Number of protein chains: 4
Amino acid sequence: MSFLAELMSTVFERRYRRSSARDDRPIEELCTDLLGNSGEVSGGVLARLILDRYASLDWEDKRAFFAFLTGSQGIDVATVRAALDSFEAAPDKASYRALMAACEPDRQELARRLNQVPGATERLVEMRADLLAMLPENPEFAMLDLDFRHLFASWFNRGFLVLRPINWETPAEILEKIIAYEAVHAIDSWDDLRRRVQPEDRRCFAFFHPAMPNEPLIFVEVALTRGVPGSVQALLAKGRDVLEAEKADTATFYSISNCQSGLAGISFGNSLIKQVVADLSRALPKLSTFVTLSPIPGLTRWLAANDRSLDGADAARARALAAHYLIQAKRPDGRPVDPVARFHLGNGAEVHNVHADADTSENGRRQSGGVMVNYLYDRARITQNHEKFAADGTIAASSEVRSLAAIALEDA
Amino acid sequence: MSFLAELMSTVFERRYRRSSARDDRPIEELCTDLLGNSGEVSGGVLARLILDRYASLDWEDKRAFFAFLTGSQGIDVATVRAALDSFEAAPDKASYRALMAACEPDRQELARRLNQVPGATERLVEMRADLLAMLPENPEFAMLDLDFRHLFASWFNRGFLVLRPINWETPAEILEKIIAYEAVHAIDSWDDLRRRVQPEDRRCFAFFHPAMPNEPLIFVEVALTRGVPGSVQALLAKGRDVLEAEKADTATFYSISNCQSGLAGISFGNSLIKQVVADLSRALPKLSTFVTLSPIPGLTRWLAANDRSLDGADAARARALAAHYLIQAKRPDGRPVDPVARFHLGNGAEVHNVHADADTSENGRRQSGGVMVNYLYDRARITQNHEKFAADGTIAASSEVRSLAAIALEDA
Amino acid sequence: MSFLAELMSTVFERRYRRSSARDDRPIEELCTDLLGNSGEVSGGVLARLILDRYASLDWEDKRAFFAFLTGSQGIDVATVRAALDSFEAAPDKASYRALMAACEPDRQELARRLNQVPGATERLVEMRADLLAMLPENPEFAMLDLDFRHLFASWFNRGFLVLRPINWETPAEILEKIIAYEAVHAIDSWDDLRRRVQPEDRRCFAFFHPAMPNEPLIFVEVALTRGVPGSVQALLAKGRDVLEAEKADTATFYSISNCQSGLAGISFGNSLIKQVVADLSRALPKLSTFVTLSPIPGLTRWLAANDRSLDGADAARARALAAHYLIQAKRPDGRPVDPVARFHLGNGAEVHNVHADADTSENGRRQSGGVMVNYLYDRARITQNHEKFAADGTIAASSEVRSLAAIALEDA
Amino acid sequence: MSFLAELMSTVFERRYRRSSARDDRPIEELCTDLLGNSGEVSGGVLARLILDRYASLDWEDKRAFFAFLTGSQGIDVATVRAALDSFEAAPDKASYRALMAACEPDRQELARRLNQVPGATERLVEMRADLLAMLPENPEFAMLDLDFRHLFASWFNRGFLVLRPINWETPAEILEKIIAYEAVHAIDSWDDLRRRVQPEDRRCFAFFHPAMPNEPLIFVEVALTRGVPGSVQALLAKGRDVLEAEKADTATFYSISNCQSGLAGISFGNSLIKQVVADLSRALPKLSTFVTLSPIPGLTRWLAANDRSLDGADAARARALAAHYLIQAKRPDGRPVDPVARFHLGNGAEVHNVHADADTSENGRRQSGGVMVNYLYDRARITQNHEKFAADGTIAASSEVRSLAAIALEDA
């Protein structure tokens, strides 16, 4: 198999080299060609050539390429207006088709034509990652980025994603990406990884797209426990006792990481959590509680901005301040200041509990004085929670957390 | 495995039944709901409910549903115009986003949200098949259809398709679809099928989409031969001698069938042929000729319209008339009258030869007096052929066919 | 994949042809060579050559080959005796090794050396099928056959077998073997097959060996029903109502077929039934009854030998005679005359019920006047039933069947 | 999938626990039971119980169990003699069957009956590993060990083994075993492993048995190079330049490790090398040289025993001494003293070259003063080399090595 795959790619490689060696036109010209007539028939070779050419560009040439896409391949206002007038005058198939064509910038079709060679999807995602990195300095690329995002939202539609368990039987190639992409609680070695994926009371799941089978899009790490845990170091400890999966009553989501910066803004987290909750419930019917153990990334910063601090605070005060922050600290749009809170509350979860000394890592101390929070996903209330939160920002929380938040107000 | 898959779906089924049993709102209301807030959080259940509801509708209710999608979920001209004005006045991220949003009808987002449950893609394709069947009587649905087509062109982008060989190791479930979908030379039994996929000198390949793994999108049947064949009955004969694949010099594509009427207008044939040519070349380096043995579906009809006929024509005259038709009979737009000719010539193939008594089936006699044609895919000339054909309709043909076509003119 | 597999085998083929073309020594000499020194190092080429040579032999040459294996490759009594004496005198590693070597005929090692090329296991099984076909005329081959059987019992040990469901997703290549191998109730078309494997209340399972992945060894067909069925035609009827699998309370094994005549005497049936009972119980926990609907192949013959007949018997009398036969008709060794009864009772099943007009096919009429029997596998009693049957031939039966059998005695 | 597998095993687990909890008879009694009548019918539960019981025994109880197998389950000389007499008197099927039965100790059938539950094969291999560890102190177990070995030779017959590439896509579970089992040049980290399996000029292959799919039996590490390498540290260096696989002319086998101590004496190495040579030739036709870079484990020891030493020897002298040792140092049976030499020369390889400073690791220095040897597998000469070596111990060697060996004699 592997030999032969090799042989195949070798043959293909050779043919491609022959044809690509002869074509040193600028990438912009190649793109125009791909969009034109010959793109239909010799599209594969051309698409691969463009993607390879792009990969070989330096940062400034990439910027120039994005400028080309932004400038020459956008929509034309006059054309859209004319098409809109025609459509308004006589809304039929022809005028609708013309209007739709006018409204869609050429670069979307360009991306679809590029996406016909093996591996292209991944490379287009990387292309957008480059674009996003330039965006702060080149805000004019924002429109181009919206087009990428629109296309990716269609391509990475939930119905095309595949949930796969990540465990000790997973190929090393993918596991090393899990190590690299873990963004919440760093995985410091293969042994650390093994402790998170091999024991029967630790699980990990990732979404994949069929066109990028070796690239996780997002993954979640889960601990199966008895009761709701309040310390991430306890969950990750070496040498801890492993629980029989069957005896667990609680599944705790203690880390969720997005893997592809080029897919920023395409939301997978909500679907991932719901799918994992459904699958775990089915496999382990004794699980009754689905909860997170989440960081509070904005706590320290917000307290400082409000002339308060966790320095020297005892556990009770630390919890109270955290509860207050989570429930009361709002942005001008009425949503919570804390981004993790926005995510889980937006999904219909509720603030269940807060724990002092829950993340004693340097990062945990710095961002939230070691305090962490459990968001509870109670299937009976998810829809209602979500709707209230969406309607007016109402935050669902346990009475304990409400009390803590109230104390904080008086106390602080 | 299969037991457990069953168990799983059973559990899921039960849960779904509970929730769906309670919701008997009209499908239109469910769709509005799915597009709204709660769609994000309880989308899966809602999407499945809508798809099931749709499947249970009778023809008139489906028509009403399409009317709803056409009427209420299209674009709003005033909104587009206002967004266009704003964008023209200040073309920035916000105005571009607003314009793009205004230009995209809600029903596209609706389709993306429906496409989040297992099997949804296939059901949406079937939905469009229904729509296409109504289109002649309901031309007002054409715009809705354009939206489907636009979405499917993105979802079924070449980069997401998978080529799979179809052979005697293929699951029966898929093979029976090959039998059902064969549109050129009907497969009349499992034995007939076996003769087309099992011998080493007969091949079949199909494109699949990962979200519809058991549904071929298009397939091609190939005969490996010595020399270019001129009779489809000879290719399909029972008890013929099987050629060692290694000894073949020619691969003949004798049948190409699209499988999904709901994907009409999304073109797969060109990609399929090119992929199969590339793969066969690699596996069997002695293959030097890639050719079709194709029907001429419009010949009899065109001759009749021009007061000519193949009745009583000898082989020479039949070939000459066919050659003439293929090369000279044009539509007002300058393209060939014959749809199969348009397809292959548009792909860069050339008219290589014509054969009398090549398809002696009733259908073959009726449509073309039994004459068939070989289109040759010569990789050295494909791009050039394609470009000339695209530019001005120039048809590439062998000198033999040219001579035949010329004779026909004088002779007829 | 398939292309490349082809490429591979092509390359291999060519190399093999080169070397095999030069070697036209008699098969016996090749075998001697394979057992000798060079067999270790060039064994693969030699083994393949021998297997191909064997396949090309005509019946008489095969007979000569078996005569060679019987005569020259058996054990040598004098050598065994000497080794036994040495072992008795000094039972140590060396003397034991020598004794074991003397006791094992060379042809067993020959078979192991033949079994080193892809596909060899299957061809050795076919070789024994030939041997078994000759055995009636060549009883001197019985010893050779015992060696084959001993080797196969080790190779086809239960721990190496894989149970696979056979359904409509199974490759056609395997399904057509199911059609061919069905020995109890013939499958007369692909449609008939589909009715037995596709509906959710019909199942089929087969054992496979990893070295013969496309060859079922034995398979069983199962109907999921409500209540114990009494007619095989009803089970197999076209257009019958399909039961939701979840609603079934009974799994009925209505056909078990051995596929490989070359594996005669290697028993798989007991393991197969038990594995399928275990798997079905797990997947469908509401199943409470596991039963067969079995033929009574020896009934008519036995009645005739005892001057009785089913001609003109009404249902009551037919059932009574069948019950009597099943429970009372014994061979000299005390086991039931009926081979199917011996099989199921030996597995620990019990005679549960008998049905008149249960198999109205020609074969069913002929062998048992249409009467069939249910053997019940009650897990609470299997071990006990088996042990009693093994100890003294005690047959477990329901009181209804006992009564019928008793009536028969008085009545007949 | 994985969830459901879990669910399955949970159900099975529970059932098994119920039945096993009740049975605390001694393991010897359970074995007798398994061999008896009930073994046929309730064999699975009993087999699992015995294997679990065995796993829980301490060392002394295991010893007692082996003593039981040695003592009570061997052959009975009187029975064999009687059977032999009967067979000699009338060699027919019955007498042959009785003789074969008498010659085979019961413990072989016991092992076959144990081998019917998932995972049993692996556990029986581990059982023999225990046995081998006790053998030095319990030489009386040698006969039992011969029976294990005989059985395993049949079960692990070449025809049942599967060659799989080991690379960076291999499950971590298997890769960590590669790290653990590497016996020649230790793998000190996952990064070290990756350097050996991921670059396109480094390969690794292992044999697996279908009943132990996660346990490699033997593996070989290969470097693709230009020219024959003379330093293992250079092959394993961090940061070395990777060669395009297509440009390599030489495949160097630099490490071969057996993984299962319980399979000692079952030879896989010869088959593995030949299979890998065949597969690599096919995939990379430009490879013309297949060679090892092998340790010389006995050199230092042998030199010391002959009052010579590599201390202070320059490269020329070190090579000469090594060449002399490899070619001249023989055991009483005429075979080379060096075990690695015996293996490769026995396979038909030849001594191609020797290199000083080729293994500068502590182990390399100690065993052979850093000298290593290339054994060349030249397909044109393998059979001949093997036969001569087998016949009279003739060692094939290059003229360079011969010269070196000659110099050594005069010089030393």
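Criteria and thresholds
- Residues numbered from 1 in each chain as written.
- Chains lettered and ligands numbered in written order.
- Predicted model: local features only at pLDDT ≥ 70, side-chain atom pairs only at ≥ 80, totals over all residues.
- Heavy atoms only, no water.
- UniProt positions renumbered as here; feature names shortened; annotations may be inferred.
- Helix = DSSP H or I, 4+ residues; strand = E, 2+ residues; numbered from the N terminus.
- Polar contact = N/O pair within 3.5 Å; in protein donor to acceptor, adjacent residues only side chain to side chain.
- Core = buried A, V, L, I, M, F, W, Y, C linked by side-chain atoms within 4.5 Å.
- Buried < 20%, exposed > 50% of the residue type's maximum accessible area, 1.4 Å probe, protein only.
- Contact = heavy atoms within 4.5 Å.
- Salt bridge = Lys/Arg side-chain N within 4 Å of Asp/Glu carboxyl O.

Tell me about the UniProt feature "domain: Malonyl-CoA decarboxylase N-terminal" (unreviewed entry) in chain A, and name the residues and values.
Per the UniProt entry, the sites bearing "domain: Malonyl-CoA decarboxylase N-terminal" (unreviewed entry) are residues 76–156 of chain A in this numbering. The annotated region residues 76–156 of chain A carries 77% helix and 0% strand content, and the separation between its end C-alpha atoms amounts to 28 Å.

Before we move on, can you summarise the side chain of Asn 270 of chain C with the specific residues and values?
Within the secondary structure, Asn 270 of chain C sits in helix H13 (residues 269–283). A polar contact of 3.4 Å, which involves the side chain of Asn 270 of chain C, links it to the side chain of Asn 347 of chain C.

Describe unusual backbone geometry, naming the residues involved and giving the relevant values.
Not every positive phi belongs to a glycine, and Asp 357 of chain A is a case in point at roughly 50°. The residue Asp 357 of chain A is located in the loop between strand S6 (350–355) and helix H17 (362–368) in this model. The phi torsion at Asp 307 of chain B lies on the positive side, around 60°, for a residue other than glycine. Relative to the helices and strands, Asp 307 of chain B is located in the loop between helix H14 (299–305) and helix H15 (315–328).

So what about the nonpolar core? Which residues, and what values?
Membership of the largest hydrophobic core comes to 92 residues, with the highest contact counts inside it found for Phe 65, Phe 66, Phe 152 and Phe 156 of chain B. Here this core takes seven residues from H15 of chain B, the largest share from any one element.

Got a sec to walk through the environment of Val 340 of chain D? Specific residues and values, please.
Residue and element names in this part refer to chain D. Examined against the element boundaries, Val 340 turns out to sit in helix H17 (residues 339–346). Once the C-alpha coordinates of Val 340 and Glu 221 are considered, the two residues, 119 residues apart in sequence, prove to be 16 Å apart. In this view, Val 340 contacts Ser 294, Pro 295, Pro 297 and Tyr 375; residues no more than four positions away in its chain are not counted.

Before we move on, can you summarise the environment of Met 127 of chain B with the specific residues and values?
All names here are of chain B. Locating Met 127 in the fold gives a position in helix H8 (residues 120–134). A relative accessible area of 3% places Met 127 in the buried class. Taking C-alpha positions, Met 127 is 41 Å from Leu 284, a pair spaced 157 residues apart along the chain. Setting aside anything within four residues of it in sequence, one finds Met 127 in contact with Leu 51, Tyr 54, Phe 65, Phe 66 and Phe 148.

Residues and numbers for the pattern of salt bridges, please.
Considering all chains together, one arrives at 120 salt bridges over all chains under this definition. Arg 123 of chain A is the salt-bridge partner of Asp 52 of chain A, the closest N and O atoms lying 2.7 Å from each other. Taken together, the positions of Asp 52 of chain A in helix H3 (residues 37–56) and Arg 123 of chain A in helix H8 (residues 120–134) put the pair 71 residues apart, joining distant regions of the chain. The exposure class assigned to Asp 52 of chain A is partly exposed, which follows from its relative accessible area of 24%. Between Glu 400 of chain C and Arg 319 of chain C there is a salt bridge, with the nearest N and O atoms lying 3.0 Å from each other. Highlighted residues: Glu 400 of chain C in helix H19 (residues 399–411) and Arg 319 of chain C in helix H15 (residues 315–328), separated in sequence by 81 residues. One salt-bridge network, in which partners are shared between bridges, spans Glu 182, Asp 192, Arg 195, Arg 196 and Glu 221 of chain A.

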